[in-house]
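Structural features, examined
So you can see what is in the structure, the chains are spelled out below.
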Amino acid sequence: MPKLEYLDISYNKIEKINEGWNGHPNLRILKSVENKFKTLAPFKNMPKLEELYLANNVIASLTGYDGLPNLKKLHLRHNKIAKIEEEMPDLPALEYLNLRTNAVPDLDNLFRLFSFANLKSINVLNCPVELGYSSMNIFLADVLAKNPSMKRFCKVDVTDKHRLEAVYLSKYKWEKAEEERKRLEAEEKAKNPGEEEG
């Protein structure tokens, strides 16, 4: 089946692929929704693959894949991803990543996703990182402060207004941190009034 471009193996409780599987040269869209894959390792050596749908599996890590240079959409909603590795295989064409209802814990992990240079849209709704914010606007501002080129975040189309809010929030946080630093410095000097400045 070398001419196959679309494959849907969803809803089959598949846990693994035959060890002889070594990718596919022409596959463009692969759907494997509601299966039992624990890893991305089976999804490799597919040079033309553009869309990979793996919602509702039990994937625990965003690693293991290889040879997916044209992958633009990676849909991993409802999996078990709790940590974003500091080093991941490159996905140079990746533009959209859905990690909704996983276990991404914090901004440090979320920001590691920005190693995918072309990533323009991320969804982490219902992940601990999102649930920890009282406001989507503040969450979005924190993300845009780190990566202003985002086009869509958690189903929100990013506008210039969002980018401006990110600038103001960053400035506010810096000013508060500076105030705190000066306060602690003054406290330290008050405790040790006899010490000479060097």
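Our subject is the structure that appears above.
Throughout what follows, the structure given in this document is the object of discussion.

About the cut-offs
- Along each chain, the written sequence defines residue order, and numbers are assigned to residues from 1.
- In keeping with the model being predicted, local features are shown solely for residues with a pLDDT of at least 70 and side-chain atom pairs are shown and tallied solely at 80 or more, while totals for entire chains, interfaces and linings include all residues.
- By convention in this description, side-chain values take in all heavy atoms of the structure and omit both hydrogens and water.
- In this text, helices come from DSSP runs of H or I with a minimum length of four residues, and strands from runs of E with a minimum of two, each type numbered from the N-terminal end.
- For the exposure calls, accessible area comes from a 1.4 Å probe over protein chains only, and a residue counts as buried if that area is under 20% of its type's maximum, exposed if over 50%, partly exposed in between.
- Contacts are residue-level and defined by heavy atoms, with any inter-residue pair within 4.5 Å sufficient.
- Here the Shrake-Rupley method, with its probe set to 1.4 Å, supplies the accessible areas, and only the displayed protein chains count as covering residues.
- A residue counts toward a patch only above 30% relative accessible area and without a salt bridge, and it is joined to like-charged neighbours within 9 Å or, for Val, Leu, Ile, Met, Phe, Trp and Tyr, to nonpolar neighbours within 5 Å.
- Salt bridges are counted wherever a side-chain nitrogen of Lys or Arg sits within 4 Å of a carboxyl oxygen of Asp or Glu.
- By convention, a stacked pair of Phe, Tyr or Trp rings (six-membered ring in the case of Trp) has centres within 6.5 Å and planes under 30 degrees apart, an edge-to-face pair has planes over 60 apart, and any other such pair is tilted.
- Whether a charge sits over a ring comes down to the Lys NZ or Arg CZ being within 6 Å of the ring centre and within 35 degrees of the ring normal.

Before going further, it helps to examine the overall build of the protein chain. Scanning the protein chain from N- to C-terminus turns up 4 helices and 8 strands. Sequence-ordered secondary structure for the protein chain, helices as α and strands as β, is β-β-β-β-β-α-β-α-α-β-β-α. Along the first, second and third principal axes, the C-alpha set of the protein chain runs to 80 × 35 × 30 Å. Here the protein chain holds 198 residues, and the buried ones make up 36% of them. Within the protein chain, contacts between residues at least 6 apart in sequence are counted, and of these 35% link residues at least 24 apart. A total accessible area of about 11,700 Å² is found for the protein chain, and carbon and sulfur atoms account for 51% of it.

A contiguous nonpolar patch, built from Leu 164, Val 167 and Tyr 168 and spanning about 320 Å² of accessible area, is present on the exposed surface. In this structure, Val 167 sits in helix α4 (residues 160-191).

Any two aromatic rings considered together are summarised by their centre-to-centre distance and by the angle between their planes. Counting across every chain of the model gives 4 aromatic pairs. Their ring planes at 70° and their centres at 5.1 Å tell us that Phe 37 and Phe 43 sit as a pair that is edge-to-face. You'll find Phe 37 and Phe 43 in the same group, each marked buried. Ring geometry for Phe 111 against Phe 114: centres 5.7 Å apart, planes inclined by 25°, an arrangement best described as stacked. The exposure class assigned to Phe 111 is buried, which follows from its relative accessible area of 18%. The ring of Tyr 53 is capped by Lys 31, whose NZ or CZ atom sits 5.3 Å from the centre of that ring. Positioned above the aromatic ring of Tyr 96, the side-chain terminus of Lys 73 is 5.7 Å from the ring centre.

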